Amino acid sequence: MSKNIPPQQLHIHIPVLLKQVVEQLAPRPGESYLDLTAGYGGHARAILAHTQAPERAVLVDRDQMAVDALKPFAERGASVIHDSYAEYAQEASEAGKRFDMILVDLGVSSPQLDKAIRGFSLQRDGPLDMRMDQRQQRSAADIVNRTSKTELAELLELYGEEPKKQALRIATAIIRARPVTTTEQLANVILSTHRGAYQKTHPATRTFQAIRIVTNDELGQLEKLLEVVPELLTPGGRIAIISFHSLEDRRVKRFFAEQANAGYEASLSLLTKKAIRGKLVDDSNPRARSASLRAAVKK
Ligand SMILES: C[S@@+](CC[C@H](N)C(=O)[O-])C[C@H]1O[C@@H](n2cnc3c(N)ncnc32)[C@H](O)[C@@H]1O
């Protein structure tokens, strides 16, 4: 059987910054690869075309739909793991596993956004779900319907970066409208707090981001991962991280800056002095507009 992975059937998810990721990770034949957010395998496919070593690849995703879509990789010998990347990374580091390349492509996949039933999109009416891992108990509806007004306002400010007054206005409107059970209902409740017409961005965008981040503990996952990243790389091993909003990117940037400033004690050297911005270099894909890529190499 050929070691090349067959192309995606319908291009269900177009990988962002693909050329730039391959350039930064610079895959060589036979190298090992850890994809912590493997999704629909677009990046993995391109990397493995260079390494020709699927049996040395580990592909992780916490979404059952993505794991199912990664079957062709498993058939060619890759390990496909249904887990959260922070948990996998911690276990792998404790077990002494090391990789030549690691990729973390944060955020949501196109199928997660496009399927109304997943409840991520404010453009498609569906249940207020937003769980990336369908085995998880707590959904977005639990957060929206069970959190106190003060806490709700706080999380909208913290994770949606809503101004304080607007966060409180939205939290008050949500409390009045409870139970809120669908994405359309939530979007309309937020729209009702908005004065005047809106331009490009729907007024509910930031609330949806905040609720999604909390539902999936996205920043907690990232913090836990960054703690163990250096241990997971072989000497000369490369890591690339793509983030999609400023809260994620700030954490990744801080982590890289700490490494850059640690002198002899640093375990990583930066490959990207500044983030590679999708909006400047990748116009093939609308999702790339908000993407930032940073990469580093283990000393
Ligand atoms: C932007 S997509 C990745 C797409 C992939 N690079 C490709 O080329 O198809 C992000 C994926 O990461 C997964 N994901 C997000 N957070 C995760 C986490 N903490 N642990 C495991 N998977 C996660 C999502 O389920 C989603 O499938």
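Look a little higher up for the structure.
Below is a short write-up of the structure.

Each value, and the rule that gives it
Residues numbered from 1 in each chain as written. Predicted model: local features only at pLDDT ≥ 70, side-chain atom pairs only at ≥ 80, totals over all residues. Heavy atoms only, no water. Helix = DSSP H or I, 4+ residues; strand = E, 2+ residues; numbered from the N terminus. Rg over C-alpha atoms; globule rule 2.2 N^0.38 Å. Buried < 20%, exposed > 50% of the residue type's maximum accessible area, 1.4 Å probe, protein only. Core = buried A, V, L, I, M, F, W, Y, C linked by side-chain atoms within 4.5 Å. Contact = heavy atoms within 4.5 Å. Salt bridge = Lys/Arg side-chain N within 4 Å of Asp/Glu carboxyl O. Phe/Tyr/Trp six-rings, centres within 6.5 Å; stacked < 30°, edge-to-face > 60°. Pairing = 2+ DSSP bridges.

**Things to note about the overall build of the chain**
Next, step 1: Helix and strand counts for the chain come out as 14 helices and eight strands.
Next, step 2: Taking 299 residues into account, the globule formula puts the C-alpha radius of gyration at 19 Å, and the chain, at 20 Å, falls close to it.
Next, step 3: Projecting the C-alpha coordinates of the chain onto the three principal axes gives extents of approximately 60 × 45 × 35 Å.
Next, step 4: By the burial criterion, 55% of the 299 residues in the chain qualify as buried.

**Some thoughts on the nonpolar core**
Next, step 1: Residues Leu128, Leu155, Ile174 and Leu186 are the most contacted members of the largest nonpolar core, which totals 29 residues.
Next, step 2: Among the elements of the structure, helix 7 (140–146), helix 8 (149–159), helix 9 (164–177), helix 10 (183–191) and helix 11 (205–215) are those that each provide at least two residues to this core.
Next, step 3: By residue number, the principal contributor to this core is helix 9, which donates five residues.
Next, step 4: If we ignore the near neighbours within four places in the chain, the residues touching leucine 155 are Ile143, Thr147, Gly160, Ala210, Ile211 and Val214.

**Some points on the pattern of salt bridges**
Next, step 1: According to the stated counting rule, one finds 17 salt bridges in the structure shown.
Next, step 2: Between glutamate 161 and arginine 250 there is a salt bridge, and its shortest N-O distance comes to 2.9 Å. Highlighted residues: glutamate 161 in the loop between helix 8 and helix 9 and arginine 250 in helix 13 (residues 246–261), separated in sequence by 89 residues.
Next, step 3: Residue classification places arginine 250 among the partly exposed positions, given a relative accessible area of 46%.
Next, step 4: Of the charged contacts, one joins arginine 206 and glutamate 162 as a salt bridge, the two residues approaching to 3.7 Å between their closest N and O atoms. Residue arginine 206 is located in helix 11, and its partner glutamate 162 is located in the loop between helix 8 and helix 9; the two are separated by 44 residues in the primary sequence.
Next, step 5: Using a relative accessible area of 42% as the deciding quantity, one classes arginine 206 as partly exposed.
Next, step 6: Given a relative accessible area of 6%, glutamate 162 falls into the buried group.
Next, step 7: Within the structure, one salt-bridge network assembled from shared partners comprises Arg28, Glu31 and Arg238.

**Notes on the packing of aromatic side chains**
Next, step 1: Applying the stated criterion to the full structure yields one aromatic pair.
Next, step 2: Aromatic pair phenylalanine 255 and phenylalanine 256: ring centres 5.6 Å apart, planes at 45°, arrangement tilted. In terms of burial, phenylalanine 255 and phenylalanine 256 fall into one category: buried.

**A few points about the pairing of strand 4 (residues 99–105)**
Next, step 1: With seven of seven residues buried, strand 4 is to be regarded as a mostly interior element.
Next, step 2: Pairing geometry for strand 1 (residues 33–35) and strand 4, over three bridges, is parallel. Residue pairing across strands places aspartate 35 opposite leucine 103, the latter belonging to strand 4.
Next, step 3: Summarising the sheet, strand 4 and strand 5 (residues 233–243) pair through six bridges and their orientation is parallel.

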